[in-house]
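Descriptive structure summary
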Amino acid sequence: MKYFRIKVDTPFCGTNDEEYIKAEDQAAADEYAEEYCRQWAESYEYLVSGWNNENFEDLTEEQQQDELDNYYADCTGIAEEISYEEYCEETGDYE
């Protein structure tokens, strides 16, 4: 078993998060990070339209979709391997 820190972020200030997981290998952790990033990004998608949606509503449907596509392209999810000790320290999960 390996231990990972998952970092997710969107292009908006204060919308980052970290999670700690156990996984079989880097590929499994990367897959988890990608899924977590997608879910995290969806939860902040409303920020793309701005306050009161004023400027966003003035855009065509195609322009709105371009804005959303650009938003998702700028969201990141990274899995970095960490030590067992660091995992335990961050999660309190001592096996």
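Residues numbered from 1 in each chain as written. Predicted model: local features only at pLDDT ≥ 70, side-chain atom pairs only at ≥ 80, totals over all residues. Heavy atoms only, no water.

Our focus in this paragraph is the nonpolar core. Residues Phe 4, Ile 6, Val 8, Ile 21, Ala 29, Tyr 71 and Ala 79 are the most contacted members of the largest nonpolar core, which totals 18 residues. Looking at this core, the elements with two or more residues in it are β1 (2–9), β2 (17–23), α1 (26–43) and α3 (61–73). Among the elements that take part in this core, α1 stands out by supplying 6 residues, more than any other. Setting aside anything within four residues of it in sequence, one finds Ile 6 in contact with Asp 17, Glu 18, Glu 19, Ile 21, Ala 29, Tyr 32, Ala 33, Tyr 36, Ile 78 and Ala 79. Judged by nonpolar contacts, the second largest core, of 5 residues, contains Tyr 3, Tyr 20, Tyr 87 and Cys 88. (Core = buried A, V, L, I, M, F, W, Y, C linked by side-chain atoms within 4.5 Å. Buried < 20%, exposed > 50% of the residue type's maximum accessible area, 1.4 Å probe, protein only. Helix = DSSP H or I, 4+ residues; strand = E, 2+ residues; numbered from the N terminus. Contact = heavy atoms within 4.5 Å.)

The next subject is a negative patch on the surface. Among the surface-exposed residues, Glu 24, Asp 25, Asp 30, Glu 31 and Glu 34 lie close enough to one another that they form a single negatively charged patch. Looking at the secondary structure, you find Glu 24 in the loop between β2 and α1. Take Glu 24: its relative accessible area is 59%, and that puts it in the exposed class. (Patch = residues over 30% accessible without salt bridge, like charges linked within 9 Å, V, L, I, M, F, W, Y side chains within 5 Å. Areas by Shrake-Rupley, 256 points an atom, 1.4 Å probe, with all protein chains shown as cover. Salt bridge = Lys/Arg side-chain N within 4 Å of Asp/Glu carboxyl O. Lys, Arg positive; Asp, Glu negative; His and termini not counted. Charge placed at Lys NZ, Arg CZ, Asp CG, Glu CD.)

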